[in-house]
Amino acid sequence: MFLKGLILGFSIAAPVGPIGLLCIQRTLSRGRLYGFVSGLGAATADACYGLVAAFGLSAAISVLLGLRFWLQLAGGVFLLWLGLKILLGSSAPGAPAAPEKTGLTRAFGSVLMLTLANPATILSFFAVFAGLGIDGRSGSALALVAGVFLGSATWWLLLSFLAGLLRRHLGDGRLRILNVIAGISILALSLWSLLPLMRQS
């Protein structure tokens, strides 16, 4: 089950969406450690949702799905703010950097909350775990969730490493251009996620 969890965690994390773009941007602007720590926030959120699904915490699932509109709204607005912050250059090279400890904590926490703001993820885990016959009362559930976390973390480590290789060959001017591209992309994705919510209201 641990191996299945590794594959599942890697597969869930691998598609490059707003979180992936954010981690790439942070790696290019601040270094591999910031990108990887940001990715660990997403891996932790995946593990949390995996635990809820594995142990069949129906009450927690109901609450999360009941708050789905507001969680997605908060996530979309936060993503919009991050996109604007990047686009306006506050994360560009040469900008004042936060102390390392504070910066890493914020990098981890921001991506953790952003990923948790998508409760639909738990439905994916619930479906996969049900298909695999995982029961929270067995030790296999914990092994699978541990695999999910490490599989997801492995992807973020790989992504930050590869982005770090690119960073070595870029000057400040090109980094600023990539920041603008990342900011616009994240803004577009945030608007894409908010549009369906606006239609519901």
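Residues numbered from 1 in each chain as written. Predicted model: local features only at pLDDT ≥ 70, side-chain atom pairs only at ≥ 80, totals over all residues. Heavy atoms only, no water.

Trainee: Which residues make up the packing of helix H2 (residues 18-30) against helix H5 (residues 68-87), and what values go with them?
Mentor: Their axes nearest at 12 Å, the elements H2 and H5 cross at an angle of 30 degrees. Regarding the angle of H2 to H5, the classification is roughly parallel. For the pair H2 and H5, the crossing hand works out as left-handed. Contacts from Pro18, Leu22, Gln25 and Arg26 in H2 reach Leu79, Leu82 and Ile86 in H5. (Axes fitted to C-alpha atoms, helices over the stretch in contact; angles between N-to-C directions. Helix = DSSP H or I, 4+ residues; strand = E, 2+ residues; numbered from the N terminus. Parallel < 35°, antiparallel > 145°, perpendicular 65-115°, else oblique. Left-handed = near helix turned anticlockwise from the far one by under 90°. Contact = heavy atoms within 4.5 Å.)

Trainee: An account of H2 is needed here, citing residue identities and associated values.
Mentor: The end-to-end C-alpha distance of H2 is 18 Å, a good match for the 18 Å that 13 residues give at a rise of 1.5 Å each. Where H2 ends, the next residue or the one after it, Gly31, has phi of about 115 degrees, a positive value. (Expected span 1.5 Å × (residues − 1).)

Trainee: Give a description of the nonpolar core that names residues and reports values.
Mentor: If you look at the biggest cluster of nonpolar residues, it comprises 17 residues, and the most contacted ones within it are Ile19, Leu22, Leu114 and Trp156. Secondary-structure elements contributing two or more residues to this core are H2, helix H3 (32-54), H5, helix H6 (100-116) and helix H8 (139-167). Element by element, the count of residues in this core is highest for H8, at four residues. Those residues within four positions of Leu114 in sequence are excluded, and the remaining contacts are Ile19, Leu22, Gly75, Phe78, Leu79 and Leu82. Formed by five residues, the second largest nonpolar core is a distinct cluster that contains Leu8, Tyr49, Phe125 and Val148. (Core = buried A, V, L, I, M, F, W, Y, C linked by side-chain atoms within 4.5 Å. Buried < 20%, exposed > 50% of the residue type's maximum accessible area, 1.4 Å probe, protein only.)

Structural measurements only, silent on function.
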